[in-house]
Amino acid sequence: MHRASAELGSSCYLERALAFEVGEGSDAVAPNWIQIFPSGPELAAMDGRAWKLSDPDTFVAAQNASKVKPILVDFDHLSSFKPEDNGDQTASGWIEGLEVRDGEIWANVAWTVRAAKQIADREWRFVSPEFRAHKITKEIAILDAVALVNRPAFQMKALASANKPKIGEPLMLKAIAAALGLSEDATEAQILAAISTKDTELASAKASQTVPSSKDYMPRADYDTVLARATDAEAAINTLKGDKRKDDVDAMIDAAVSEGKISPASKAHFVKLAMSDDEGFEDVTALCSTLPKVLQSSGIDDKDLGAGAGKLTEQQREMCAQLGVSEEDYATQLAADQAAANTSAD
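Source: prediction; values computed, not measured. (Residues numbered from 1 in each chain as written. Predicted model: local features only at pLDDT ≥ 70, side-chain atom pairs only at ≥ 80, totals over all residues. Heavy atoms only, no water.)

Got a minute to help me understand the overall build of the chain in this structure?
Scanning the chain from terminus to terminus reveals ten helices and ten strands. In the chain, which comprises 346 residues, the proportion classed as buried is 34%. The contacts in the chain between residues at least 6 apart in sequence include a share of 64% that link residues at least 24 apart. Element-wise, carbon and sulfur atoms account for 53% of the exposed surface of the chain, whose accessible area totals about 20900 Å². (Helix = DSSP H or I, 4+ residues; strand = E, 2+ residues; numbered from the N terminus. Buried < 20%, exposed > 50% of the residue type's maximum accessible area, 1.4 Å probe, protein only. Contact = heavy atoms within 4.5 Å. Areas by Shrake-Rupley, 256 points an atom, 1.4 Å probe, with all protein chains shown as cover.)

This is the structure in structure tokens:
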């Protein structure tokens, strides 16, 4: 009894009638692609049976869309029968995809090692699809399986490596020429030359990606050397600037001290402020150019000087405010400087 007979609906029936040769010639091998249906719409077997395949594209699309696992290729349709009826579930291969070629339906098969060897040894020569067809319209609806057989019921061209186009055949040459952008009548020599050119272009493209142009890039060692030189040069420039700034500040403060605008005791404070940054240098420069002489008679009597709390002039108080110096501290320092000057004079 057929295993699938109980599963078929009332509108369909199972057929195992078509068979197509899978190998011919002394160099026959198991082909990756096999033809399982001829072009329709009318399909007739050698024994008189007939079916329809009106829309092969829709059939293949529906088959591929509904397929949840590869379609079995067995030996002589034995997987369709129960074990007690000599059934055998052993696979000879698995169909992994279907496509339409000029109205014919072809299947991509992954053969088992055993089946591939038997096909190469010509132990099996044909394939036969097992399909479901509508009882009334005879339209083929579902592909259930495919089998290796030796008793074909439908005459079809052989499917084997012996029928594969070779590089020198016209159709293949035209396809290659079109892919290379050549005319269809291009010679083999022109095609080979174009392939060689493409290979050279590909090699150049790969090389340009791995070896950057010297116009845009430099080796890392050279870059590090240039960077080190630039860093050293910048440091040297900053050192020169610092030395010159120190000379300028010393000269400016010394002049202010000699002119009596800054007391000797405050010299270090003004030098530090001027050397702090550009803003500090500009502030001290402005003060030195506008400050009056402070080391002169200020109207502070000896009693006030001894107490360290002498009175400051309005200009002196303004200078203290600008420099952030306490008036009391400044008056005390001023008195001490005046006392020292008087002692030196005696």
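That shown, we press on.
I keep staring at a negative patch on the surface and nothing clicks. Help me out?
On the surface, D277, E279, E282 and D283 cluster together into a negatively charged patch. Of note, D283 is situated in helix α7 (residues 278-290). (Patch = residues over 30% accessible without salt bridge, like charges linked within 9 Å, V, L, I, M, F, W, Y side chains within 5 Å. Salt bridge = Lys/Arg side-chain N within 4 Å of Asp/Glu carboxyl O. Lys, Arg positive; Asp, Glu negative; His and termini not counted. Charge placed at Lys NZ, Arg CZ, Asp CG, Glu CD.)

Is there a simple way to explain the packing of helix α5 (residues 220-258) against helix α6 (residues 267-276) in this structure?
The angle between the axes and the distance between the axes are what describe a pair of packed helices. Contact geometry of α5 with α6 gives a least axis separation of 10 Å together with a crossing angle of 145 degrees. For the pair α5 and α6, the crossing hand works out as right-handed. Here α5 contributes G242, R245, K246, V249, D250, M252, I253, D254 and V257 to the contact with α6, which in turn contributes K267, F270, V271, A274 and M275. (Axes fitted to C-alpha atoms, helices over the stretch in contact; angles between N-to-C directions. Left-handed = near helix turned anticlockwise from the far one by under 90°.)

In this structure, what is going on with the side chain of R132? I would like to understand it.
Take R132: it is sitting in strand β9 (residues 126-134). On the basis of relative accessibility, which here comes to 18%, the residue R132 falls in the buried class. Of the polar contacts made by the side chain of R132, one reaches the side chain of D144; its length is 2.8 Å. (Polar contact = N/O pair within 3.5 Å; in protein donor to acceptor, adjacent residues only side chain to side chain.)

How should unusual backbone geometry be read in this particular structure?
Excluding glycine, a negative phi dihedral is what most residues carry, and trans is how most peptide bonds are arranged. Cis geometry is adopted by the peptide bond preceding P41, which originates at G40 and carries an omega value of 10 degrees. Among the structural elements, P41 can be located in the loop between β3 (33-37) and β4 (42-44). One non-glycine residue, H77, lies in the positive phi region at around 60 degrees. Overall, H77 belongs to the buried group, its relative accessible area being 6%. Its identity is not glycine, yet D102 carries a phi of approximately 55 degrees, on the positive side. With respect to the helices and strands, D102 occurs in the loop between β7 (91-101) and β8 (104-111). On the basis of relative accessibility, which here comes to 78%, the residue D102 falls in the exposed class.

Looking at this structure, how should I read the pattern of salt bridges?
It is possible for side chains bearing opposite charge to pair when their charged atoms get close. Taken as a whole and judged by the stated rule, the model has six salt bridges. With a shortest N-O distance of 3.1 Å, D278 and R245 are connected by a salt bridge. Pair noted here: D278 is in helix α7 and R245 is in helix α5, with a separation of 33 residues, a long-range link. Between D250 and K246 there is a salt bridge whose closest N-O contact spans 2.7 Å. With D250 and K246 both in helix α5 and four residues apart, this pair spans about one turn of that helix.

Honestly, the nonpolar core in this entry has me stumped. Any pointers?
Burial of nonpolar side chains together is a common tendency in soluble globular proteins. Membership of the largest hydrophobic core comes to 29 residues, with the highest contact counts inside it found for I36, F37, I95, W111 and L143. Of all the secondary-structure elements, those providing two or more residues to this core are β3, α1 (56-66), β6 (71-75), β7, β8, α2 (113-120), β9 and β10 (140-149). With sequence-adjacent residues up to four places away left out, L143 is seen in contact with I36, F37, F59, Q63, I71, I95, L98, P129, E130 and F131. (Core = buried A, V, L, I, M, F, W, Y, C linked by side-chain atoms within 4.5 Å.)

For this particular structure, what's the right way to read the pairing of β7?
As a general feature of sheets, a regular strand has side chains that alternate between the two faces. The pairing of β6 with β7 spans four bridges and is classified as antiparallel. Residue pairing across strands places L72 opposite W94, the latter belonging to β7. Bridging between β7 and β8 involves eight bridges; their strand directions are antiparallel. Looking at the pairing, V100 lines up with I105 of β8. Where β7 hands over to β8, the hairpin turn is made up of two residues, of which D102 adopts a positive phi near 55 degrees. (Pairing = 2+ DSSP bridges.)

Please explain the packing of aromatic side chains as it appears in this structure.
Given two aromatic rings, one states the distance between the centres and the angle between the planes to describe the pair. Within the structure shown, the criterion is met by four aromatic pairs. Seen from their ring centres, W51 and F131 are 5.6 Å apart, and the 85 degrees between their planes marks the pair as edge-to-face. Here W51 is found in strand β5 (residues 50-52), whereas its partner F131 is found in strand β9, with 80 residues between them in sequence. Of the residues examined, F131 reaches a relative accessible area of 0% and is grouped as buried. Between F75 and W124 the ring centres are 5.7 Å apart and the planes differ by 45 degrees, which places this aromatic pair in the tilted class. In this pair, F75 is assigned in strand β6 and W124 in the loop between α2 and β9, connecting sequence segments 49 residues apart. Three or more aromatic residues joined by ring pairs form one cluster here, namely F37, W51, F59 and F131. Across from the ring centre of W33, 4.8 Å away, lies the NZ or CZ of R101, which sits over that ring. For R101, the ring lying beneath its charged end belongs to W106, and the centroid distance is 4.5 Å. (Phe/Tyr/Trp six-rings, centres within 6.5 Å; stacked < 30°, edge-to-face > 60°. Lys NZ or Arg CZ within 6 Å of the ring centre and 35° of its normal.)

Where do I start with the packing of α5 against α7 in this structure?
At a closest axis distance of 10 Å, the pairing of α5 and α7 adopts a crossing angle of 25 degrees. On the basis of their axis angle, the class for α5 and α7 is roughly parallel. In this structure, α5 crosses over α7, and the sense of that crossing is left-handed. Of the residues in α7, those in contact with R245, D248, V249, M252, I253 and A256 of α5 are D278, F281, V284, T285 and C288. When grouped by side-chain class, the residues that make up the contact of α5 with α7 number seven nonpolar, one polar and three charged. (Parallel < 35°, antiparallel > 145°, perpendicular 65-115°, else oblique. Nonpolar A, V, L, I, M, F, W, Y, C, P; charged D, E, K, R; others polar.)

None of this, on its own, says anything about what the molecule does.
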